[in-house]
Structures are given as C-alpha cells and as structure tokens.
Amino acid sequence: MPHICICSQFTSSPIDQFNKDPKASPIATNGEIFPWHELRLPTVIIPLHYDLLIHPNLTSLDFVASEKIEVLVRDATQFIVLHSKDLEILNASLQSEEDVRYRKPGESLTVLSYPAHQQIALLVPEKLRADLRYSVAIDFQAKLADGFEGFYKSTYRTLGGETRTIAVTDFEPTEARMAFPCFDEPLFKANFSIKIRRESRHIALSNMPKVKTIELEGGLLEDHFETTVKMSTYLVAYIVCDFTSVSGTASSGVKVSIYASPDKWSQTHYALEASLKLLDCYENYFDIHYPLPKLDLVAIPDFASGAMENWGLVTYRETSLLFDPKKSSISDKLWVTKVIAHELAHQWFGNLVTMEWWNDIWLNEGFATYMELISLNITYPELQFDDDFSNTCFEVIKRDSLNSSHPISNQAKTAIQIKEMFDAVSYNKGACILNMLKDFLSEDTFRKGIIHYLKKFSYRNAKNDDLWHSLSNNCLESDSASGGFCYSDSKKTSNTLVFLRKNVELKEMMATWTLQKGIPLVVVKREGRSLRLQQERFLSGVSKEDPEWGTLQERYLWHIPVTYSTSSSHAIHRHILKLKTDTLDLSEKTDWVKFNVDSNGYYIVHYEGQGWDELITLLNRNHTLLRPKDRLGLIHDAFQLVSAGRLTLDKALDLTRYLQRETSIPALLKGLEYLELLYRMVERRNISDVTENLKHYLLQYFKPVIDTQSWVDKGSVWDRMLRSTVLKLACYLNHAPCIQKATELFSQWMESSGKLNIPTDVLKVVYSVGAQTTAGWNYLLEQYELSLSGAEKNKILYALSTSKHQEKLMKLIELGMEGKVIKTQDLAALLFAIARNPEGQQLAWNFVKENWTHLLKKFDLGSFPIRMIVSGTTSHFSSKDELQEVELFFESLKAQGSHLDIFQIILETISKNIKWLEKNLPTLRKWLLITT
Ligand SMILES: [Zn+2]
C-alpha cells in the first residue's frame, strides 16, 4: 500500500490525486490535520521489536507504562502512524540507529491523535530514511479498563468474603491498542520483551517465562520476561494477580501450569491432565514442536467470551477451564475439554500461522474448532465427541440458510465489522467444510496438507489460497530448497486423484464454499437405476412458491463432493456435483438410497418422489440398516425441509415415529430436540389444545425412555447426556414421578445445608424444580452467592431463571445489571435464559429495549454478549405484532447510528417463524389428533 500524505511538504503519492478535498482530511484532536486517513495503517514502517515496561496499580486501578519500538523504514516518510485507544500519551521521542549506538538522547516528537480511527501520528522533524532502523520511545498512562477488553480489572471473592482485584489483558481482535500504542494489525508481527512492576503480594505472568526479578526502591518488584517469538499484537498478554497453580511437564519438556484464584485451586487438576494430553497430541499431529518453553492456562473471574489463545498464556472464563468433580456434569467436562483443545490448537492455527487480515478469521477459528474433533478423538475417545460434531454443523445451518448470512471469507473493515466476524459462520461452518474436505481428500492427505501449510507459513501470515495450495499436494521448489516439508503425489487415494489432478480445482471447489454464502440443497430423484441430481441454494423460510425464490437462487453454484450408500452395497460412493443438474447410474437395482454418508458433507438432501417414504419405511422396519449418523442426518434434514416448505410437517413427524426403538442416543436426542422445539413454540403462543396434546404425546410416547432413567451419575457420556436431557424435559412437562424425585432430592439438599452431593447430571433439573417455591428460590440465590464452583453457579442461575414469578425474574436482571452477586459476564446468558421462560419472554425484551444505552456501557456494540442479548430476547418471536415491535426498535437504533448484522438476521428469523406457524400449525394439530 502506498503511503498517503495530505500536507504539502510531504511527497505526494498517486492516490493523493483523488483526495484533494480538504474536507476529507481528518482533523486531529488539537485541530491540526492528521496525516493519514485510512483505517488500515501505512506499510512504509514495520515494527520489529517492542520493549514494554508496565506498572499497574491495583489500588488506584490505573497503570503507567513506557515502550520502545524498533521499526524498519521501508520508504522515506515524515510521520509514523500507530494505533492507540484511550491512552494518555505523555511524550514520544525518536532515535536513529546511530543515536542508539552513540547513546544520543532521542528527539522529541509531536504527537497527533485521531480517536475516530484509534490512531496517533508521530511527526518527525526530519524525514526518516528508507531501509534504516529507528527506535521510537513512548511514555503513556491510562485507567485499567472497566469492561473485558484491553488491560482491564477483574475481581473475585475469597472464601472469607474478601473482594480482591487482579489486572488482566484481552486484546483480540483490536484491543492491544488500549494497553500500549502499537501497530495493531495481525500482519505486523514482531518480538516483544516485557517487564512488569508489581507489589510482592502479587505475581506477574506473561507470554514467556520470567528471566529474573529485580527489587526496586520502595519494595516494588520488577519481573523481566524472555523475549517472545515473532507474533501479532493481539496475542500479547500479561496478568498481575495472586493466583496459585498446578504444573506438569509435557513429553517434549514444555512446562504446563493451570492458574486459578487460591480458593479454586482444587478445581484445576482436570485441566492440567487434559492440557498435557492435548499438547502432546498436537505436537505429534502437526509434527511441529510447541515453540515456547511454557504454557500457562489461567481462569479469569471476569471474561467476556469462552477463552483467548494468547501465546503461552491462554486465558479462560472460569467455567471453561475449571472442573469441580462434585458439581461439574458430563457436559461441563466435555465443554472444558473442548475449549482447552480449541485454544491449544490455536497455538499453531492462529499463533504460529496467522491470517493476513480479519476477513479470513475462519483460518484461525474454523481450524481451531475443527481440531477439537481431531484431538478429542485421539486423546479422549471415551468422550465420544465424534458423535457430537454433527451438531456443530447443524447449529450453523440455521444461520447459513437465511439470506442475511455471509460468506466465510468476508469483508471486514471497521472494529465492529471485525468483531462481527467472530460468529458461527467463521467457527462452525469453517470447521464443517474442513471436515467435508478431509472426508473427500482422505485423513492422511488432509493431515499432510495442513502440516505443509503450518511449516511453510510458520511465524508468518496466510490467506485462503495458501491453504488450498498446501492441501493440493504440490511441492514448490522453494519448499525443497528451504528444507520445507513435501510429499509425493503417489500417496493420493484413487478416489481423489480423478478430481484433484490439478491443484487449481481444489481452489475452485473451495471458493464455492468460502467466497459464497449459504448452503446447498441436493435434490435426488430415483428413476429406475438412474439418480437425477439437482442442486439449488437452500433457504429456510422461503419456499419455491414465494416470488423472491428465483432471485435468491441466481448465480449460486457449489462444487459439492457428494457421497451416498444404497440398499445393495455398504460401499460409500463418491461424486462431485459441479453442475446444476447431473445424472448418476446405479450398477444394481436398489430399494433405497441415502446421500451424505455420516453427515460429513455440508449440504441438505431432499428425496423427491417416493424417496422419503422409502426411508421412513426403512427406519420403521430396521433402522440399523442405516448408519447412526445417517439416521441423525435424516432427522435434521427432514425438519429443515419443513421450514423450506419442501416436506410436509407430518412426514417429518412420521420419520420420528421409529425413535422409540432408536439405539443411537445422538439420533434420539436430535428427534427429541425438534419435538421439544415444537412444544416450546406452541406453549409460548398459548395454543393450549396443541400444547396439551403434544405434552401428552411426548410423555406417553417416550415413557419407556423416561422411566428407565436413573438419578445417578453412571454410564457412557451419551447415557449421561440422555439422562440430563430426558429428565429435564420430563420435569418441564410436569411429569409427576420426575417432579416427585427432584423435589425429594432438593429437600434433602436444603436440609443438609447444601452439603449433600446430588448427582451432577441431574443437578440442573433438581435445582429447577426446587426454584419453583419461594423458599427454594431464595435458598438457591443464597447458595449462588456462596458457591465457589462456576459449574454449579451456572446451574443455579438457570434454575432461578425458570421461576414463574415476574418479580423474581426482575430481581435477577437487577442483580445482573449491578454486577456484584451476578457478574456482568453472566448477564447475556441470564437474559437469554429468562427470555426462554414463557413468563419471562416479554419482561426480558422490554428490559433490553428500555435499557439499551446502559447495556452498551457494559458491552461493545458488535461484541458477542450484545449479539447474544439481542438475539436471545427476540429471535423466538413468531407473531406479526412482535415483528413490528422489533422492527421499530431496530429502526430507532439505526437512526442513532447502530448498525449490526444481527438486526437483519433476527428480522428474517421472526418472519420465518411466522410463516412456519401459519403453514404448519394446522398439520401439527391434525397429526396429534390422529396419532394420540
Ligand atoms: Zn478460537
């Protein structure tokens, strides 16, 4: 990028020609012209090394700091532009290499500030010369931030009731600039030498191990950390706290430690075991050593997201890292393991190889999400995560089948747009298309390809095409010359050879998945021995009869690696569907055909003609003739097709009739999930006849499943998941034996003053039933304050949110806003839970409308909590009045300057719900009358 100058004394670049309008010049806070008007920084100066000295004061809640940045000038320039947000710059000076060598003092620089772009410009008296290095020194100070970004304060309560403060960083994507002036873009990788001053009662942690501690006058201590490897600013991290830790050593010698506040130390052991296993697993799988000597994982009491992968110093929300054997359920265990696996995968995907720009954040997040599957299958096969992965894809299909979705690789310029990129499309869809690609290329080829990619781009940045190139099995000469990793074509499988003879095809194929939004629908029609295939864009909420359908289909085409199996062979057949229509010939006569084997592909399948009937008959006759994940996929696709008006609801419901005999728990749970969804929808709308009949149907039809559940923690992961889900549903439906048992356990627990250990998998159900009386609710709130287990607190908070009393729900919201008893970090989940409660839905929504500006003081616009709050309190609406109300509110926000992607998603979702009910409610009513 050429640099742009607007001041006449500077050399003009060609771009200046288009920018003569003085009104277009940004004006700095002091009234002078700010010399740079782009959001992205100029590339004429690149940072090489940062020396940072930070001194936070945990009593006055602020910090003073200084830095020295060594930069390389690539093109002569008269100013240096850096990112800086909410920092008070005290002074800035510059030394040339010569000045440094002869210890000449730095020259003082004029500092201009342009807050709209979060930039400062340092004006130098004499032009900086190309190809020379300079050292920029800046002194600055600021308050510790109030929220969850930059260098912020976090507090926790000790067992003795004392509140203690710690200081912690969280920079991704664009908040390093809140902690120190820097070149805050992922492409500007540099080395960092960090020093932190602290009191003796605290410890300091950073990305690298501590080299030494110096005692300063007045008793302060100064920790010096080793210089980091070359990395992006968003991965820098430091913490000042009084935490304690457990440590172990990985096979490669890396020291791994888990830190938590002292009273929670006993909950750190599972995380240590898991992270040691997972680190070993990744080092082997990637064939690349974790490059730092240590890895710390820290449980932070106030944290906006789930975790953050800072290199060598990974930070977690407490519930994503700590495991309390007495209070954490099996799904808590799966969650903790998954999050650790995700963040450790980032140490390679993201930290070692970083996307060039945030538009390709999926290269970080899609991979880290996908690696959860790979690494958990290797390290914890007993967690059977493989069977859960399809849900990762099903979750994003909801979003991706709306017209308001976006391509995986999407434009992102402003800070809000960058934040919005951290969504299900980048994480889940990214992971799902990688899984599809692995299935297509074979595990071996895929693995070798990603090793190639990681080795080639280590300590550098990459974009989509670099990945496709590495995966296409092609060795570059430069790879061999540099001793890079390479392998021969002969290892390709025969299946993929046909399609992937040229690497350009992989790039072309994957472009249809990453540069184009949405998900394809494959329509299959069997005519004798031939299969007619057709692809179109799948849109839930828009049926073929709708006038807009045609326009929404235009120009959409995918290269779909389809797979199928038939009644006549167990083999997996493969084909790439590149055209709108295609025909396949079957070698034998067959009774049925099932596409998307094991649900590995990212597409939905519709069977025209007798196709669905054949499959329904098959499931009823002998469901085990289909693979478990195929049964799971059929249930999912059938209900999706109902939303798109391609299948009638009674057909989808008929498909679930075999579930009584279903032996695969994930498939059973998927069917139950859809039925529960229907129940909650009619319950919310007060459609009492359907609600009652559906309740009756669920309790009767699934009686054998409900009755066999025991109230103990035992069995496989899926046995335990089934127990939690089924009992929660049974009690929600007021099933007398369930309520009775839960009430009994709750009373015993209260009588034991909370000391009784209730089986963890039924804890949520027991608390929820207990929360229905005032005494129980009040007792739970007391226990919430006292509990030291995040896992238990989450369950209690959920239970409290199911109360039928509005004043109790309002009290919870007030506590969440106050942020003491219920932490601000849990406010979004709380509002989400209250909005799910039919008694709380209107309350939560009214609260959000009336307190929007207060909420924006707590969370940034575009941040995950804000998006969760908005969608959590509105996206279940299903009436025209509600839609209008939400539209009006969003319009008023837009008028105030808030533009969020989520608004469009929600409006589309509510419209979809309205259509769904209009179309399917009569069918549901009729089906229940016939069936029950
Ligand atoms: Zn991540």
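Definitions and cut-offs
Residues numbered from 1 in each chain as written. Predicted model: local features only at pLDDT ≥ 70, side-chain atom pairs only at ≥ 80, totals over all residues. Heavy atoms only, no water. Helix = DSSP H or I, 4+ residues; strand = E, 2+ residues; numbered from the N terminus. Expected span 1.5 Å × (residues − 1). Contact = heavy atoms within 4.5 Å. Buried < 20%, exposed > 50% of the residue type's maximum accessible area, 1.4 Å probe, protein only. Polar contact = N/O pair within 3.5 Å; in protein donor to acceptor, adjacent residues only side chain to side chain. UniProt positions renumbered as here; feature names shortened; annotations may be inferred. Disulfide = S-S within 2.5 Å. Phe/Tyr/Trp six-rings, centres within 6.5 Å; stacked < 30°, edge-to-face > 60°. Lys NZ or Arg CZ within 6 Å of the ring centre and 35° of its normal. Core = buried A, V, L, I, M, F, W, Y, C linked by side-chain atoms within 4.5 Å. Pairing = 2+ DSSP bridges. Axes fitted to C-alpha atoms, helices over the stretch in contact; angles between N-to-C directions. Donors = N, O, S within 2.8 Å, 3.2 Å for Na, K, Ca; no water.

Observations regarding helix α26 (residues 806-818)
Here α26 is 13 residues long and its end C-alpha atoms lie 18 Å apart, about the 18 Å a rise of 1.5 Å per residue gives. Of the surrounding secondary structure, the elements contacted by the buried residues of α26 are α24 (774-786), α25 (790-800), α27 (827-836), α28 (841-850) and α29 (852-858). One or two steps after α26, the chain reaches G819, where phi turns positive at roughly 80°.

A short note on helix α21 (residues 717-732)
The end-to-end C-alpha separation of α21 is 23 Å, in line with the 22 Å expected for 16 residues at 1.5 Å each. For α21, the set of buried residues is V717, W718, R720, M721, L722, R723, S724, V726, L727, L729, A730 and C731. Each element contacted by the buried residues of α21 is listed here: α4 (330-346), α18 (665-684), α19 (688-701), α20 (703-707), α22 (736-751) and α23 (763-770). Following α21 by one or two positions, N734 adopts a phi angle in the positive range, close to 65°.

Description of the side chain of N596
Take N596: it is sitting in the loop between β28 (593-595) and β29 (604-607). N596 gets classed as buried once you look at its relative accessible area, which sits at 6%. A distance of 2.7 Å separates a polar atom in the side chain of N596 from the backbone nitrogen of G601.

Side note on the UniProt feature "active site" (unreviewed entry) in the protein
Mapped onto the present numbering, the UniProt feature "active site" (unreviewed entry) falls at E343. Of note, E343 is situated in helix α4. Each residue touching E343, except ones within four places of it in the same chain, is listed here: A307, M308, E309, V314 and Y316. Here the side chain of E343 touches E309 through a polar contact of 3.2 Å, landing on its backbone nitrogen.

Overview of the state of the cysteines
Under the counting rule described, the total for this entry stands at two disulfides. A sulfur-sulfur distance of 2.1 Å marks the disulfide that ties C393 to C432. As the torsion about the S-S bond is roughly -105°, the C393-C432 disulfide counts as left-handed. Taken together, the residues span a long stretch of sequence, with C393 in helix α6 (residues 389-400) and C432 in helix α8 (residues 424-441) at a distance of 39 residues. Exposure remark for C432: the relative accessible area of 1% places this residue in the buried category. With a sulfur-sulfur separation of 2.1 Å, C731 is cross-linked through a disulfide to C738. One quick way to see it: the torsion about the S-S bond of C731 and C738 is about -100°, and its sign makes the bridge left-handed. Each member of the pair, C731 as well as C738, carries the same accessibility label: buried. The structure places no disulfide on C281, whose sulfur is separated from the nearest cysteine sulfur, that of C432, by 20 Å.

Focus on the packing of aromatic side chains
All chains considered together, the criterion is met by 48 aromatic pairs. Measuring from ring centre to ring centre gives 6.4 Å for W513 and Y602, while their planes differ by 75°; the resulting arrangement is edge-to-face. A residue pair is termed long-range when its members are at least 10 positions apart, and W513 in helix α13 (residues 503-514) and Y602 in the loop between β28 and β29 qualify at 89 residues. Each member of the pair, W513 together with Y602, is buried. Ring geometry for Y697 against W927: centres 5.3 Å apart, planes inclined by 80°, an arrangement best described as edge-to-face. Residue Y697 is located in helix α19, and its partner W927 is located in helix α32 (residues 901-931); the two are separated by 230 residues in the primary sequence. With a relative accessible area of 3%, Y697 lands in the buried category. For W927, a relative accessible area of 6% translates into the label buried. A connected cluster of aromatic rings, assembled from ring pairs, spans Y282, Y285, F286, Y290, W348, F349, F367, Y453 and F457. Above the ring of Y380, the side-chain terminus of K277 is found at 4.2 Å from the ring centroid. Looking at K764, its charged tip hangs above the ring of Y798, at a distance of 4.7 Å from the centre.

Side note on the nonpolar core
One broad trend across soluble globular proteins is that nonpolar side chains are buried collectively. Counting residues in each nonpolar core, the largest one holds 312 residues, and the members touching the most others are F180 and F595. For this core, the leading source of residues is α32, giving 13 residues. Contact partners of F595, with chain neighbours within four places excluded, come to V524, L531, L533, V562, T563, Y564, L584, V605 and Y607.

Digging into the sheet that holds strand β12 (residues 203-206)
The sheet built from four strands is open, its strands ordered β9-β10-β15-β12 with antiparallel pairing. On the outer flanks of this sheet lie β9 (150-157) and β12, each paired with one strand and no other. Neighbour to neighbour, the strand axes of the sheet diverge by 15° on average, direction disregarded. Strand direction decides the pairing type here: strand β10 (residues 163-170) and strand β15 (residues 238-241), joined by two bridges, are antiparallel. Each bridged residue has a counterpart across the sheet, and for A167 the counterpart in β15 is V240.

Section: the UniProt feature "binding site: Zn(2+)" (unreviewed entry) in the protein
Annotation from UniProt places "binding site: Zn(2+)" (unreviewed entry) at H342, H346 and E365. Over a stretch of 24 residues, the named residues converge on one spot in the fold, their C-alpha atoms separated by at most 8.6 Å. Tracing the sequence through the fold places H346 in helix α4. The buried category is assigned to H346, whose relative accessible area is 0%. Each residue touching H346, except ones within four places of it in the same chain, is listed here: E309, N351, N364, E365 and A368. In this view, E365 contacts E172, E309, H342, H346, F422, S426 and Y427; residues no more than four positions away in its chain are not counted.

Concerning the coordination of the zinc ion
The zinc ion binds to the protein through H342 (NE2), H346 (NE2) and E365 (OE), with metal-donor distances spanning 2.0 to 2.1 Å. The sequence pattern describing where the donors of the zinc ion fall on their chain is H-x3-H-x18-E. Of this pair, H346 sits in helix α4 while E365 sits in helix α5 (residues 362-379); the two residues are 19 residues apart in sequence, bridging distant segments of the chain. Residue E365 is classed as buried on the basis of its relative accessible area of 1%.

Concerning unusual backbone geometry
In this structure, P173 follows E172 across a cis peptide bond, with omega equal to 0°. Examined against the element boundaries, P173 turns out to sit in the loop between β10 and β11 (191-198). The phi dihedral of Q118 is positive, around 55°, even though this residue is not glycine. Classification of Q118 as buried rests on a relative accessible area of 15%.

Side note on the environment of N284
Within the element layout of this structure, N284 appears in helix α2 (residues 269-286). Since its relative accessible area comes to 59%, N284 is described here as exposed. Taking the C-alpha atoms as reference, N284 lies 34 Å from E420; in sequence the two are 136 residues apart.

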